[in-house]
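Each chain, letter by letter, is given below.
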Amino acid sequence: MSLQSLIADYQAKTARSRALFEEAQRVLPGGNTRTTVFIDPYPFYATRGAGPRIWDADGNERLDFNGNYTSLILGHAPPAVVATVRELAERGLSFPGPSEHELRLAQELTRRVPSCEQVRFTNSGTEATMLAIRGARAYNGRAKIAKFEGSYHGTHDWVQVSITPPLSGAGSRKRPRAVPAGAGIPPAVLKHVVVLPWNDPEASLRTIEKHARDLACVICEPIQGVAGVIPPAPGFLQVLREVTERHGIVLIFDEVITFRLSAGGAQAVFGVQPDMTTFGKIIGGGLAVGAFGGRADIMAVFDPRGGKPKVAQGGTFNANPLTMAAGLATLRALTPDAYAHLDRLGDRLRDKIRAFFRGRRAKAQVTGQGSLFCLHWTSKRVADFRGSRPTDPEQPLRTYIGLLNEGILLSQRGMGAVSTAMGDAEVDRFVEALGKVLDTEAR
Ligand SMILES: Cc1ncc(COP(=O)(O)O)c(C=O)c1O
């Protein structure tokens with residue numbers, strides 16, 4: 001089925017969303033305030049979520065494998081989290097001072113993640129990576145940062161570089177150039193951002209060593225997320241750990257997505273300890289959140305005692321009690337059994353998708369680990385952003401809309417996650433729907 005026919009089906013099911021979008025265009029540019037969720041002709045408007053399901057303004061029910069971009073690890077509206085938020089909301093929504101909930105969530109995070117001796121909270125993953133980078137600069141007095149091509153770390157200038165660069169201007173695979181992700185990124189930023197090739201230890205090592213004296217930090221996701229859930233090659237994170245340690249460069253693991261992989265995040269899974277870690281998504285229990293933490297001697301740059309801190313971090317809603325309590329309730333629900341369930345479901349989903357692709361001889365594959373997965377529309381080995389590009393550029397969007405029409409919500413990129421609210425039936429339904437979408441396409 002063509003993209004046009006798939007969109008026509010979608011439009012036939014989503015009249016109310018279309019009407020809302022038409023109104024929205026008058027007061028929001030392109031009717032939109034979050035580029036990630038925009039689709040042409042218009043996105044669906046969500047009205048309700050419960051467990052593994054989400055409903056839109058036209059009453060369409062879908063199984064949610066997007067989970068607000070991997071945030072909703074317990075599914076929608078988990079009763080224990082909702083009860084906590086409801087009870088606290090009655091007692092006040094935010095305060096001009098710390099609350100015990102902030103302390104308890106900080107204790108929970110530092111207990112789970114030994115490399116984080118101390119943490120601080122923000123309202124988004126974007127602020128978390130921005131402040132971790134500033135903290136690293138304040139700590140060692142250097143100005144440059146290094147990030148990987150394909151990695152997404154939020155919307156601030158320093159990391160809006162080389163996320164999905166057009167390859168024509170992106171330099172060679174081994175020595176990628178710093179390419180702004182959009183307009184408005186000043187040239188000064190590009191001069192201070194060194195771009196590294198994911199999963200190429202020799203080339204990364206060479207580039208890091210070349211800039212070592214100026215590098216404040218190397219920031220990476222232990223598994224590249226938005227780039228396509230691309231795990232590190234064996235030993236790759238160890239190489240980064242060794243070279244950064246040798247040169248006094250702060251190694252930052254951005255675990256905004258990957259913290260969902262185990263109680264101690266991806267760093268526990270791979271056995272590599274960074275100097276700093278950034279968090280977001282699941283640690284807010286569905287509410288807006290971010291956090292960054294690390295070695296106490298680095299985090300000391302934020303310590304306000306004894307006069308002015310080296311780095312001041314304001315934020316009207318930082319560590320607000322509702323978010324802190326929702327996050328804590330969520331982490332407490334993530335028992336060893338819960339992680340085992342997520343791992344098993346993730347394996348089942350990937351195995352079934354693999355078998356299905358093999359059976360159809362599809363030029364496609366699925367990557368992932370634990371509860372995370374991503375569909376790729378290429379038969380090439382997917383080891384980095386460049387290798388993950390689809391053979392047919394329209395395929396991800398056709399699949400996304402096709403799945404929406406079949407009652408499944410994924411992300412446009414093909415990235416998804418299972419939640420503890422799911423079981424075998426939901427996973428099997430996903431694979432069945434994917435089969436239907438690809439079969440209709442073939443006709
Ligand atoms: C790895 C990573 N870092 C940072 C961010 C930014 O988080 P937020 O959207 O909360 O600003 C994201 C968002 O998807 C992310 O995937």
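Our subject is the structure that appears above.
I will try to describe carefully the structure that is included in this document. Please read these numbers as outputs of a predicted model, since none were measured by experiment.

Right, let's get into the overall build of the protein chain. Summing up its helical and strand segments, the protein chain has 15 helices and 14 strands in all. Here the protein chain has a C-alpha radius of gyration of 22 Å; the compact-globule value for 443 residues is 22 Å, and the two agree. Viewed in the frame of its principal axes, the protein chain has a C-alpha envelope of about 65 × 55 × 45 Å. Counting all 443 residues of the protein chain, 54% fall into the buried class. Counting every atom, the protein chain has about 18,900 Å² of accessible surface; 53% of that belongs to carbon and sulfur. Averaging the coordinates of the 54 positive side-chain charges in the protein chain and doing the same for the 43 negative ones gives two points 5 Å apart.

Turning our attention to the site of the ligand. In the neighbourhood of the ligand, the contacting residues comprise S124, G125, T126, Y152, H153, G154, E221, D254, V256, I257 and K281. The separation between an oxygen atom of the ligand and a polar side-chain atom of T126 is 2.7 Å. In this structure, D254 approaches the ligand through a side-chain N or O atom, which is 2.6 Å from a nitrogen atom. Its free accessible area being 390 Å², the ligand has 82% of it covered by the protein chains.

When you line up the elements, V161 lands in the loop between β5 (144–148) and α7 (187–191). Spatially, the C-alpha atoms of V161 and V194 are 9.4 Å apart, while their sequence positions differ by 33 residues. Beyond its immediate chain neighbours, meaning those up to four positions away, V161 contacts K147, A178, V179, A181, V189, L190, V193 and V195.

Moving on: the packing of aromatic side chains. In this description, a pair of aromatic rings is defined by centroid distance and the angle of the planes. This structure, assessed with the given rule, holds 13 aromatic pairs. Taken together, a centroid distance of 5.1 Å and an interplanar angle of 85° make the contact between W198 and F236 edge-to-face. Taken as a pair, W198 in the loop between β6 (193–196) and α8 (201–211) and F236 in helix α9 (residues 236–247) lie far apart in primary sequence, 38 residues in all. Taking relative accessible area as the criterion, W198 reaches 3% and is therefore assigned buried.

It is at 10 Å that the axes of helix α13 (residues 336–359) and helix α15 (residues 424–442) come closest, and there the two elements cross at 25°. Classified by the angle between their axes, α13 and α15 sit roughly parallel to one another. Seen along the crossing, α13 lies across α15 with a hand that is right-handed. Together, R344, L345, R348, L349, K352, I353, F356 and F357 of α13 and D424, V427, D428, F430, V431, L434, G435 and L438 of α15 make up the contact between the two elements.

Moving on, we come to the pairing of strand β3 (residues 61–64). The pairing of strand β2 (residues 53–56) with β3 spans three bridges and is antiparallel. The residue of β3 that forms the bridge with R53 is L63. Between β2 and β3, which pair antiparallel in sequence order, lie four residues; one of them, G59, sits at a positive phi of approximately 85°. Relative to strand β13 (residues 408–409), β3 is paired through two bridges, and the arrangement is parallel. If you follow D64 over to β13, its bridge partner there is L409.

Quick look at the environment of T155 now. Summarising the element assignment, T155 is placed in the loop between β5 and α7. According to the relative accessible area criterion, T155 is exposed, its value standing at 54%. Sequence-wise, T155 and L167 are 12 residues apart; in three dimensions their C-alpha atoms are separated by 21 Å.

Each full turn of the α-helix corresponds to 3.6 residues, which orients residues three or four apart in the same direction. All of the buried residues in α8 are A203, S204, T207, I208 and H211. Seen from one end, α8 has its buried residues packed into an arc of 125°, which puts them on one side. Among the exposed residues of α8, those oriented more than 90 degrees off its buried face are E202, R206 and K210. For α8, the secondary structure elements touched by its buried residues are β5, β6, β7 (215–220) and α9.

Thresholds applied
Residues numbered from 1 in each chain as written. Predicted model: local features only at pLDDT ≥ 70, side-chain atom pairs only at ≥ 80, totals over all residues. Heavy atoms only, no water. Helix = DSSP H or I, 4+ residues; strand = E, 2+ residues; numbered from the N terminus. Rg over C-alpha atoms; globule rule 2.2 N^0.38 Å. Buried < 20%, exposed > 50% of the residue type's maximum accessible area, 1.4 Å probe, protein only. Areas by Shrake-Rupley, 256 points an atom, 1.4 Å probe, with all protein chains shown as cover. Lys, Arg positive; Asp, Glu negative; His and termini not counted. Charge placed at Lys NZ, Arg CZ, Asp CG, Glu CD. Near = heavy atom within 4 Å. Polar contact = N/O pair within 3.5 Å; in protein donor to acceptor, adjacent residues only side chain to side chain. Contact = heavy atoms within 4.5 Å. Phe/Tyr/Trp six-rings, centres within 6.5 Å; stacked < 30°, edge-to-face > 60°. Axes fitted to C-alpha atoms, helices over the stretch in contact; angles between N-to-C directions. Parallel < 35°, antiparallel > 145°, perpendicular 65-115°, else oblique. Left-handed = near helix turned anticlockwise from the far one by under 90°. Pairing = 2+ DSSP bridges. Arc of directions from axis to C-beta.

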